[in-house]
Amino acid sequence: MSRTLTLICCILIAAASLAQDTAPYNVKEHYAKQEVMVPMRDGVRLFTQIYVPKDSTRRYPILLERTPYSCSPYGPDRYRISLGPSRLFAPSGYIFVTQDVRGRYMSEGEHIYMPPHNPKKRANDVDESTDAYDTIEWLLKNVPNNTGRVGTHGVSQPGLYATHSLLSQHPALVCSSPQAPVTDRWVGDDEHHNGAFFLAQRFSFMWDFGQPRSGPTQGGGARFDYGTQDGMKFFLDMGPMREAWTKYYGPQGNRYWQTIMDHPDYDVFWRSRGMRQWLKGIKPAVLIVGGLFDAEDCFGAWQTFGSISKQSPSTTSYLVMGPWSHGGWGGAGERLG
């Protein structure tokens, strides 16, 4: 396991510089694509895309990414250009799985923007850890030629869902790579920086995330039209933040924005959604990646690694930090910071 993680670490670090020199890889030529609705224990079905190597002479481990940002392109004949954390993974051979999380895009159910972990679940109680568990269980039983070993990964909010997968305690989950993972939205990630609200960034982000939907959809929300290039003027003219979404979005407002306005302090709402407290007894090996120029989730990378190191000292864990902006290690490496 240690050698496997070291290899993954080297791949992530080298991927950006090697990407431009790597010949184009034809995913469709080498992989068969499936689209399925995977049932969760409460009956909700999550839209899941599965890419299986066409070479069936050997078995493959599963790499799973759960995302609120859409696993498009949708359609059995529409293929991704690359698979996995970098374009170097597809030629190596994995079963790649991407899933729209609960309540987003083509998945059923109600989306919780800041999902808390529930450590005291009863029979059919669900959270993101159970959705990860149920997904892994279904994949092992229904996707042929898998090795019975699963890894999870993701950047930013998908990194948060990778962290949630660590709490699933599924025995087949052997490693996970939360990258720029959202870890505590009030203390240091996204919404707040030590309690200071990140107004400009959150306003544009929430415009897409908070739009109501009547059911599964392939489309996302439209971009908000600020009507000006002068950001300072826009926010000065906006008026009280609590009323902003009624003013710009209509009478229905935005429930995510309203939730943030209702909890300006580090109260039980935010504390229950912090991930650090739950990172105890972690068994899978973990590789955390972050950027020193990350304005959104630099905090999360440090804190996830520190919490696992302190609370799960026997866990094999690594931290890679570099001169990257948010998710910048996934690019071609033509710029830094």
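Residues numbered from 1 in each chain as written. Predicted model: local features only at pLDDT ≥ 70, side-chain atom pairs only at ≥ 80, totals over all residues. Heavy atoms only, no water.

### Topic: the overall build of the chain
Turning to step 1, where the next piece is worked out: Scanning the chain for helices and strands turns up 10 helices and 10 strands.
Turning to step 2, where the next piece is worked out: A compact globule built from 337 residues should have a C-alpha radius of gyration of about 20 Å, and the chain, at 20 Å, falls within 12% of that.
Turning to step 3, where the next piece is worked out: Based on the C-alpha atoms only, the size of the chain along its principal axes is roughly 65 × 50 × 40 Å.
Turning to step 4, where the next piece is worked out: Counting contacts in the chain only where the partners sit at least 6 residues apart, residues at least 24 apart contribute 72% of the total.
Turning to step 5, where the next piece is worked out: About 15800 Å² of surface is accessible on the chain, with carbon and sulfur atoms providing 53% of the total. (Helix = DSSP H or I, 4+ residues; strand = E, 2+ residues; numbered from the N terminus. Rg over C-alpha atoms; globule rule 2.2 N^0.38 Å. Contact = heavy atoms within 4.5 Å. Areas by Shrake-Rupley, 256 points an atom, 1.4 Å probe, with all protein chains shown as cover.)

### Quick word on the pattern of salt bridges
Turning to step 1, where the next piece is worked out: Considering all chains together, one arrives at 16 salt bridges under this definition.
Turning to step 2, where the next piece is worked out: With a closest N to O distance of 3.4 Å, E35 and K33 form a salt bridge.
Turning to step 3, where the next piece is worked out: Here D131 ties to R102 by a salt bridge, and the two come within 2.9 Å at their closest N and O atoms. Here D131, found in helix α3 (residues 128-142), pairs with R102, found in the loop between β4 (95-100) and α3; they are 29 residues apart in sequence, far enough to count as distant.
Turning to step 4, where the next piece is worked out: Salt bridges sharing partners connect three or more residues here, namely D42, R66, R102, E128 and D131. (Salt bridge = Lys/Arg side-chain N within 4 Å of Asp/Glu carboxyl O.)

### A closer look at the packing of aromatic side chains
Turning to step 1, where the next piece is worked out: Under the criterion given, the structure shown has 24 aromatic pairs.
Turning to step 2, where the next piece is worked out: Ring geometry for Y51 versus Y79: centroids 5.7 Å apart, planes at 75 degrees, classification edge-to-face. Here Y51 is found in strand β2 (residues 45-53), whereas its partner Y79 is found in the loop between β3 (60-67) and β4, with 28 residues between them in sequence.
Turning to step 3, where the next piece is worked out: In this structure Y51 comes out as buried when scored by relative accessible area, which is 1%.
Turning to step 4, where the next piece is worked out: When the ring of F224 is compared with that of Y248, the centres are 5.8 Å apart and the planes differ by 85 degrees; the resulting orientation is edge-to-face. (Phe/Tyr/Trp six-rings, centres within 6.5 Å; stacked < 30°, edge-to-face > 60°. Buried < 20%, exposed > 50% of the residue type's maximum accessible area, 1.4 Å probe, protein only.)

### Topic: the nonpolar core
Most often, soluble globular proteins keep nonpolar side chains buried together rather than apart.
Turning to step 1, where the next piece is worked out: Judged by nonpolar contacts, the single largest core of 23 residues is most densely connected at Y113, F203, M206, W245 and W257.
Turning to step 2, where the next piece is worked out: Among the elements of the structure, α5 (199-209), α6 (231-237), α7 (241-249), α8 (255-262) and α9 (268-273) are those that each provide at least two residues to this core.
Turning to step 3, where the next piece is worked out: Among the elements that make up this core, the one with the highest residue count is α5 (five residues).
Turning to step 4, where the next piece is worked out: Setting aside residues no more than four positions away along its own chain, F203 makes contact with F224, Y226, F234, F235, M238, A244, W245, Y248 and W257.
Turning to step 5, where the next piece is worked out: Formed by 18 residues, the second largest nonpolar core is a distinct cluster that contains V38, M40, V44 and A172. (Core = buried A, V, L, I, M, F, W, Y, C linked by side-chain atoms within 4.5 Å.)

### A look at the environment of P178
Turning to step 1, where the next piece is worked out: Topologically, P178 is positioned in strand β6 (residues 173-179).
Turning to step 2, where the next piece is worked out: Once the C-alpha coordinates of P178 and F305 are considered, the two residues, 127 residues apart in sequence, prove to be 9.7 Å apart.
Turning to step 3, where the next piece is worked out: The contacts of P178, once residues within four sequence positions are left out, are G154, G159, A162, T163, V286, L287, I288 and V289.

### Quick notes on the pairing of strand β5 (residues 146-155)
Turning to step 1, where the next piece is worked out: Taken together, the four bridges between β3 and β5 define a ladder with parallel strand orientation. Across the sheet, L63 pairs through a bridge with G151, a residue of β5.
Turning to step 2, where the next piece is worked out: Note that β5 and β6 share six bridges and pair parallel. Bridge pairing links V155 to Q179 in β6.
Turning to step 3, where the next piece is worked out: Handedness of the crossover joining β5 and β6 through helix α4 (residues 157-166): right-handed. (Pairing = 2+ DSSP bridges. Right-handed = clockwise from strand over helix to strand, strands pointing away.)

### Some thoughts on the side chain of H153
Turning to step 1, where the next piece is worked out: One can find H153 in strand β5.
Turning to step 2, where the next piece is worked out: Exposure remark for H153: the relative accessible area of 9% places this residue in the buried category.
Turning to step 3, where the next piece is worked out: Beyond its immediate chain neighbours, meaning those up to four positions away, H153 contacts L63, L64, E65, G84, P85, P158, A162 and S177.

### What to know about a nonpolar patch on the surface
Turning to step 1, where the next piece is worked out: Taken together, the side chains of L292, F293 and W302 make up a nonpolar region of the molecular surface, amounting to roughly 340 Å² of accessible area.
Turning to step 2, where the next piece is worked out: The topology assignment puts W302 in helix α10 (residues 298-311).
Turning to step 3, where the next piece is worked out: W302 gets classed as partly exposed once you look at its relative accessible area, which sits at 41%. (Patch = residues over 30% accessible without salt bridge, like charges linked within 9 Å, V, L, I, M, F, W, Y side chains within 5 Å.)

### Observations regarding the environment of L63
Turning to step 1, where the next piece is worked out: By the secondary structure assignment, L63 is in strand β3.
Turning to step 2, where the next piece is worked out: Taking the relative accessible area as the measure of exposure, L63 reaches 10% and is therefore buried.
Turning to step 3, where the next piece is worked out: The sequence separation of L63 and G84 amounts to 21 residues, and the corresponding C-alpha distance is 7.3 Å.
Turning to step 4, where the next piece is worked out: With sequence-adjacent residues up to four places away left out, L63 is seen in contact with P85, F89, Y94, I95, F96, V97, G151 and H153.

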